[in-house]
Amino acid sequence: MRDLVRRIEAATPPDRDRGVDALRALAILGVVLGHWLVTALVSDSGTVRGISPLHYIPHLTPVSWVFQTLAVFFLVGGYVGARSHARARARGATYRQWIGARMGRLFRPVAAVLTLWAVVAGAMLTSGAGFGTVHALCKLVVSPLWFLLVFAVLTATTPVAARLHPLWPLAVVLAVDVFRFGFDGPEPLGWVNVAAGWMVPYCLGALWARRGLPRRPATGRWLLVGGAAATCGLVLFAGYPASMVGVPGARISNLNPPTLAAVTFGLAQSGAALLLLGPLRRVLRRPAVWAAVALANLSAMTVFLWHQTAMIAVTALGLLTGSALPGLHTVPDGTGWVFARLAWLPVFAVALLVCWAAFRTYEQGRPRRDSRVVREGRPARETVVHGA
């Protein structure tokens, strides 16, 4: 382990911003823990269905404020994407070469998870499992992939996003919500915000990469205070839901599609992320801490794609006991369920570790020697640690 830490430290370029890598790792961790905490699979009369604890325990809403960290991921994605594109242009690479490489790194591991679940779904249906159960499980696995599609689209627009001020997509989100909620506009119009809403933090990250943030702490404070105040105002006085994730049965979802409240909340999160950079950079000077973050980034896509499968596997194995296990198969209708669920999180993590060991090669690709890359201090295969 010490040798691995030394090798990672030696291979890291001196000018690498370790704080940015830590922000990406924290964003992925937030998504994983959020899904594990606000998604429940309940076994009922031989059918497994997915339900949300937030529907039964509304006072858990603050959990969504902590673990809905997508804005931070898009902020970092815009920053890394803009820098990557600028480096590609500097070395003479075409846009087609650059985007082809990035899309390959993004979607190669997706093919593995979709292939496996196509086989699993077919086997379940053939063995007599109910369609409702198969649909519920596949939905849990596939539904998070919308995030990758949006991220891919925004990545493709990086040359434009690098020159687009975040206020422009923010204005689009505002106009859509005013027309949609204020004038009873058509509901499908809200889907414009899927691109516009997440383009706000993406453009902010690209602006950060292109121009820098000479007064970063002040910018972070303004974004944090302003975004939080705007979000509170929208929730308290404009009828937006307090939960930053979708709750089944709710009239409005802040996430599906994104609302103005979700975007202002994302700006507050982006401000908090900018304020965290300094402390993170200081902590990551320690080689052992940096090694953990670097390794987490190299497997970020694998963790994201397989974390729901890990939870499903544990839930399915639990059914072999012949009884409903608290926090795993029971209805999430009280604080007892919450404590039981917290106890299951280490088990989910172990199952995810097994998935990581089995499928991480699809993310990292084939190892290859490249003296130029080694000289530059980057891993020979440029994976999500560098911005996918």
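Presented here is a report on the structure given in the accompanying data block.

Conventions we followed
- Each chain carries its own residue numbering, running from 1 in the direction its sequence is written.
- Reporting of local features is limited, given that this is a predicted model, to residues whose pLDDT is at least 70; pairs of side-chain atoms are given and counted only at 80 or more, and all residues count toward the totals for whole chains, interfaces and linings.
- Computation of side-chain values covers all heavy atoms of the structure but excludes hydrogens and water.
- Here a helix means four or more residues in a row that DSSP labels H or I, a strand means two or more in a row labelled E, and each is numbered from the N terminus.
- The globule rule used for comparison is 2.2 Å times the number of residues to the exponent 0.38, while the radius of gyration itself is calculated over C-alpha atoms.
- For the exposure calls, accessible area comes from a 1.4 Å probe over protein chains only, and a residue counts as buried if that area is under 20% of its type's maximum, exposed if over 50%, partly exposed in between.
- Here a pair means two rings of Phe, Tyr or Trp (six-membered ring of Trp) with centres within 6.5 Å. Their orientation is stacked below 30 degrees between planes, edge-to-face above 60, and tilted elsewhere.
- For every element, the axis is a line fit to its C-alpha atoms; helices are fit only across the contacting stretch, and the angle between N-to-C directions ranges from 0 to 180 degrees.
- When an angle is under 35 degrees it counts as roughly parallel; over 145 it counts as roughly antiparallel; between 65 and 115 it counts as roughly perpendicular; any other value is oblique.
- By the convention used here, residues are in contact when the closest approach between their heavy atoms is within 4.5 Å.
- Following the grouping adopted for this structure description, the nonpolar residues are Ala, Val, Leu, Ile, Met, Phe, Trp, Tyr, Cys and Pro, the charged ones are Asp, Glu, Lys and Arg, and the polar ones are all others, Gly among them.
- In this description, a nonpolar core means a group of buried Ala, Val, Leu, Ile, Met, Phe, Trp, Tyr and Cys residues linked to one another through side-chain atoms lying within 4.5 Å.
- One less than the residue count of a helix, multiplied by 1.5 Å, gives the span that helix is expected to have.
- Residues are said to line a cavity or pocket when one of their atoms sits within 4 Å of a point; the points come from a 1 Å grid over protein atoms alone, cavities being sets where a 1.4 Å probe fits but cannot get out and pockets being open sets with protein on both sides within 12 Å along at least five of seven lines.
- Grid points are joined across faces, edges and corners, and a volume is the space filled by probe spheres set on the points.

Some words on the overall build of the protein
When you go through the protein residue by residue, the secondary structure sums to 17 helices and two strands. For the protein, whose C-alpha radius of gyration is 21 Å, the value lies close to the compact-globule estimate of 21 Å for 388 residues. Dimensions of the protein along its principal axes, counting C-alpha atoms only, are 60 × 55 × 35 Å. Within the span of the protein, comprising 388 residues, buried residues form 49% of the whole.

Brief notes about the packing of aromatic side chains
In the structure shown here, the tally under the stated rule is 15 aromatic pairs. Summarising the aromatic geometry, the rings of F74 and F147 are spaced 5.5 Å apart at their centres and angled 75 degrees between planes, so their arrangement reads as edge-to-face. Placement of the pair is F74 in helix α5 (residues 70-90) and F147 in helix α8 (residues 145-156), with a sequence separation of 73 residues. Here F147 falls in the buried class, since its relative accessible area comes to 3%. Summarising the aromatic geometry, the rings of Y95 and W98 are spaced 6.0 Å apart at their centres and angled 45 degrees between planes, so their arrangement reads as tilted. Pair noted here: Y95 and W98 are both in helix α6 (residues 95-126), with a separation of three residues, about one helical turn.

Things to note about the packing of α6 against α8
In contact at an axis separation of 11 Å, α6 and α8 are set at 175 degrees when each is read in the N-to-C sense. If you check the angle between α6 and α8, you find them roughly antiparallel. Listed contacts from α8 to Y95, W98, I99, R102, M103, L106, F107, V110 and L114 of α6 are L145, L148, L149, F151, A152, T155 and A156. In the contact of α6 with α8, the residues fall into 14 nonpolar, one polar and one charged.

Focus: the nonpolar core
With 97 residues, the main nonpolar core has F74, L148, W198, L305 and W306 as its most contacted residues. Considering every element that reaches this core, the biggest residue donor is helix α2 (residues 18-38), with 10 residues. Contacts of L148, omitting those with residues within four sequence positions, involve L106, F107, V110, M301, F304 and L305.

Things to note about helix α7 (residues 131-142)
Think of an α-helix as 3.6 residues a turn; residues three or four steps apart then line up on the same face. Across its 12 residues, α7 extends 16 Å between first and last C-alpha, which sits within 8% of the 16 Å expected from 1.5 Å per residue. Taken as a whole, α7 has its buried residues at T133, V134, A136, L137, C138, L140 and V141. Summarising the contacts, the buried residues of α7 are in contact with β1 (40-44), β2 (47-51), α6, α8 and α15 (300-319).

Focus: the layout of surface pockets
Its boundaries defined by the atoms lining it, the largest pocket holds a volume of some 1300 Å³. Considering the residues around the largest pocket, the lining is formed by 43 residues, among which S143, V245, G246, L255 and N256 are closest to the centre. Elements represented by at least two residues in the lining of the largest pocket include exactly α2, β2, α4 (62-67), α7, α8, α10 (167-182), α11 (192-211) and α15. Of all the elements, α2 adds the most residues to the lining of the largest pocket, at four residues. Looking at the lining of the largest pocket residue by residue, the classes come out as 25 nonpolar, 13 polar and five charged.

Geometry only, nothing functional implied.
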